[in-house]
Amino acid sequence: MTTRAKTKATEEVASEQRQYDPNHLLDTLIEKLRIKNDAALSRALEVAPPVISKIRHNRLPVGASLLIRMHEVSEMSIRDLRQLMGDRRAKFRISDKQFKPKKPADTLSS
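Chemist: Can you help me understand the overall build of the chain in this one?
Modeler: The number of helices and strands found in the chain is six helices and zero strands. Burial statistics for the chain: of 110 residues in total, 22% are counted as buried. Restricting the contact set of the chain to residue pairs at least 6 apart, pairs at least 24 apart contribute 48%. On the chain, roughly 9,100 Å² of surface is accessible, and the fraction owed to carbon and sulfur atoms is 52%.

If you want it as structure tokens, here you go:
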């Protein structure tokens, strides 16, 4: 890979990271639910306050279960919630390993 190609790839990754902004999602939920702050949002979503803080500081991604909880509480569509945080992916990639059955454990004979 040439230096120019590496630079372009790095810029694309940085551009994608700039687009992801969970703060916009959290602020919109606070406004829509008519609550005061992140602590009240954590109570409404039934998660610990540090979870909201870690999401706000980009140390924890918005997981599927939390996204579903946001949908249930706010009555906003999952697509709208994803767009608010900057997730514009049309498809999600799931590893083939997640669907393979586990191999049975070897049984010890007595």
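Chemist: What's the story with the pattern of salt bridges in this structure? I'm lost.
Modeler: Pairing between side chains of opposite charge can happen when their charged atoms approach one another. Tallied over the entire structure, the rule returns five salt bridges. The shortest N-O distance in the salt bridge between Glu-46 and Arg-69 comes to 3.3 Å. Taken together, the positions of Glu-46 in the loop between α3 (38–45) and α4 (49–56) and Arg-69 in helix α5 (residues 64–74) put the pair 23 residues apart, joining distant regions of the chain. Note on Glu-46: relative accessible area 63%, which makes it exposed. The partly exposed category is assigned to Arg-69, whose relative accessible area is 22%. By sharing partners, the salt bridges in this structure join Asp-27, Asp-38 and Arg-56 into a single network.

Chemist: Please explain the nonpolar core as it appears in this structure.
Modeler: As a rule of thumb, nonpolar side chains are buried together in soluble globular proteins. Within the largest apolar cluster, 16 residues are counted, with the highest numbers of intra-cluster contacts made by Leu-25, Leu-29, Leu-41, Val-62, Met-70 and Leu-81. Of all the secondary-structure elements, those providing two or more residues to this core are α2 (22–33), α3, α4, α5 and α6 (78–84). Residue contributions to this core peak at four residues, all from α2.

Procedures and definitions
Residues numbered from 1 in each chain as written. Predicted model: local features only at pLDDT ≥ 70, side-chain atom pairs only at ≥ 80, totals over all residues. Heavy atoms only, no water. Helix = DSSP H or I, 4+ residues; strand = E, 2+ residues; numbered from the N terminus. Buried < 20%, exposed > 50% of the residue type's maximum accessible area, 1.4 Å probe, protein only. Contact = heavy atoms within 4.5 Å. Areas by Shrake-Rupley, 256 points an atom, 1.4 Å probe, with all protein chains shown as cover. Salt bridge = Lys/Arg side-chain N within 4 Å of Asp/Glu carboxyl O. Core = buried A, V, L, I, M, F, W, Y, C linked by side-chain atoms within 4.5 Å.

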